[in-house]
Amino acid sequence: MTPGDAGPGFGWLAGRSSEIAPRLLGLFVVCGDRAGRIVEVEAYEGADDPASHAYRGPTPRNGVMFGPHGHLYVYRSYGMHWCANVVCGPTGEASAVLLRAVEPVAGIEAMWADRPRARRSSDLGSGPGKLCAALGIDGSHNGADLLDPLSPVRLARPPAGGAPGRAVVAGPRIGISRAVERPWRYALAGNAHVSRPRPWSLT
DNA sequence: TTTCCGATGTACT
DNA sequence: GTACATCGGAAAA
């Protein structure tokens, strides 16, 4: 395996999203020629999480959430934005991690071109909808295998000796009205590319 | 700076 | 008909 490839060793990706979510921070999401470093995520469980799309069982939209771990669940939000999740529950049990923010790493010129209204670099990926627009993720990527090096969208480890590990902060999930007390939003402390700087209730 | 609000596809009451 | 895992422009402060 060469640096930048997912390769083997992602077995830990199968399990409860609330435990896996913080471990995704720092990894790269690669889509075509573009890449971003994951700096903010949220965990969504299944039947036990009223805020999850999977709470009421499988539908045509959320079907990928019930499939094998390591795949990408993409859905349309508020009728106009795309949002992307990393599926981590075993087949039959929905559990996924919403990608909320990335720090641009590669293909940055293309990101600016696709999002002409962005003023600062931190406007490119600081939100689940913006993140998909910047990386070029859309509904055609729903179900993509993130662990397959040939996939159009995949996870990758940061280059060896790259960004040093940083503290993780946690807080309530954003934009939901149910199960708001669960501190399942995770981010790299102090990162300028997070969608919202606060609130953080735990570390 | 913060607050308010419209756009609009999918799922559910 | 209503809610929603959002975003960005306009108005208010």
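Our structure's up above, just so we're on the same page.
Just to check I follow, could you spell out the overall build of chain A for this structure?
Counting its regular elements, chain A contains 3 helices and 8 strands. Traced from its N-terminal end to its C-terminal end, chain A shows the element sequence α-β-β-β-β-β-α-α-β-β-β. Along the longest, intermediate and shortest principal axes, the C-alpha atoms of chain A span 40 × 35 × 35 Å. Looking at the 203 residues of chain A, the share that counts as buried comes to 50%. Look at the contacts in chain A between residues 6 or more apart in sequence, and 60% of them connect residues 24 or more apart. Total accessible area computed for chain A in this model is approximately 9,400 Å², and 54% of it derives from carbon and sulfur atoms. Of note, chain A has its 22 positive side-chain charges centred 7 Å away from the centre of its 17 negative side-chain charges.

Looking at this structure, how should I read the protein's contact with DNA strand C?
Near DNA strand C there are 21 residues, and of these N85, R115, R117, G175 and S177 occur at the shortest range. Here the atoms of DNA strand C within 4 Å of the protein split so that 61% fall in sugar or phosphate, with bases taking the remainder. Here A51 contributes a backbone N or O atom positioned 3.3 Å from a base nitrogen of DNA strand C. A distance of 3.3 Å separates a sugar or linking oxygen of DNA strand C from a polar atom in the side chain of S77. Listing elements by their share of the surface near DNA strand C, those giving two or more residues are β3 (72-77), β4 (81-87), β5 (96-106) and α3 (128-135). Element by element, the count of residues in the surface near DNA strand C is highest for α3, at 3 residues. Among the residues making up the surface near DNA strand C, the classes are represented as 9 nonpolar, 8 polar and 4 charged.

Whenever I open this one, the side chain of E40 confuses me. Can you help?
For E40, the position within the fold is in strand β2 (residues 34-44). A polar side-chain atom of E40 sits 2.7 Å from a polar atom in the side chain of R185. Within the structure, the side chain of E40 is placed 2.6 Å from the backbone nitrogen of S195, a separation counted as a polar contact. In this view, E40 contacts L25, L98, L99, R100, A101, R185, Y186, A187, V194, S195 and R196; residues no more than four positions away in its chain are not counted.

How do you make sense of the packing of aromatic side chains when you look at a structure like this?
For any pair of aromatic rings, the description consists of the separation of the ring centres together with the inter-plane angle of the planes. This structure, assessed with the given rule, holds 2 aromatic pairs. In this arrangement the basic side chain of R173 is found over the ring face of Y44, its NZ or CZ atom lying 4.6 Å from the centre.

For this particular structure, what's the right way to read the nonpolar core?
The nonpolar side chains of a soluble globular protein tend to be buried with one another. Counting 41 residues, the largest nonpolar core has L24, V29, I38, V41, L99, I137 and L155 as its most contacted members. A51, A54, M65 and Y73 belong to the second-largest nonpolar core, a separate cluster that totals 14 residues.

Got a minute to help me understand helix α1 (residues 17-24) in this structure?
What sets the pattern is the α-helix's 3.6 residues per turn: residues three or four places apart point alike. S17, S18, I20, A21 and L24 are the residues of α1 that are buried. Taken around the axis of α1, the buried residues stretch over an arc of 160°, which confines them to a single face. Lining the buried residues of α1 we find β2, β4, β5, β6 (153-156) and β8 (185-188). Positive backbone phi, approximately 100°, marks G26, located one or two places after α1.

Just to check I follow, could you spell out the protein's contact with DNA strand B for this structure?
As a matter of local geometry, DNA strand B sits amid R56, T59, R61, R76, Y78, G79 and M80. Restricting attention to atoms of DNA strand B within 4 Å of the protein, one finds that 62% of them are sugar or phosphate atoms. Between a phosphate oxygen of DNA strand B and a side-chain N or O atom of R56, the distance comes to 3.1 Å. Note that a base oxygen of DNA strand B is positioned 2.5 Å from one of the backbone N or O atoms of Y78.

Even after reading the chapter, I still don't get the pattern of salt bridges, so can you show me in this structure?
Between side chains of opposite charge, pairing is possible as soon as their charged atoms come close. Counting across every chain of the model gives 10 salt bridges. Between R100 and E40 there is a salt bridge, and its shortest N-O distance comes to 2.8 Å. Of this pair, R100 sits in strand β5 while E40 sits in strand β2; the two residues are 60 residues apart in sequence, bridging distant segments of the chain. Using a relative accessible area of 6% as the deciding quantity, one classes R100 as buried. In this structure E40 comes out as buried when scored by relative accessible area, which is 0%. Among the salt bridges present, the one from R100 reaches E42, with a minimum N-O distance of 3.7 Å.

Conventions adopted
Residues numbered from 1 in each chain as written. Chains lettered and ligands numbered in written order. Predicted model: local features only at pLDDT ≥ 70, side-chain atom pairs only at ≥ 80, totals over all residues. Heavy atoms only, no water. Helix = DSSP H or I, 4+ residues; strand = E, 2+ residues; numbered from the N terminus. Buried < 20%, exposed > 50% of the residue type's maximum accessible area, 1.4 Å probe, protein only. Contact = heavy atoms within 4.5 Å. Areas by Shrake-Rupley, 256 points an atom, 1.4 Å probe, with all protein chains shown as cover. Lys, Arg positive; Asp, Glu negative; His and termini not counted. Charge placed at Lys NZ, Arg CZ, Asp CG, Glu CD. Near = heavy atom within 4 Å. Polar contact = N/O pair within 3.5 Å; in protein donor to acceptor, adjacent residues only side chain to side chain. Nonpolar A, V, L, I, M, F, W, Y, C, P; charged D, E, K, R; others polar. Phe/Tyr/Trp six-rings, centres within 6.5 Å; stacked < 30°, edge-to-face > 60°. Lys NZ or Arg CZ within 6 Å of the ring centre and 35° of its normal. Core = buried A, V, L, I, M, F, W, Y, C linked by side-chain atoms within 4.5 Å. Arc of directions from axis to C-beta. Salt bridge = Lys/Arg side-chain N within 4 Å of Asp/Glu carboxyl O.

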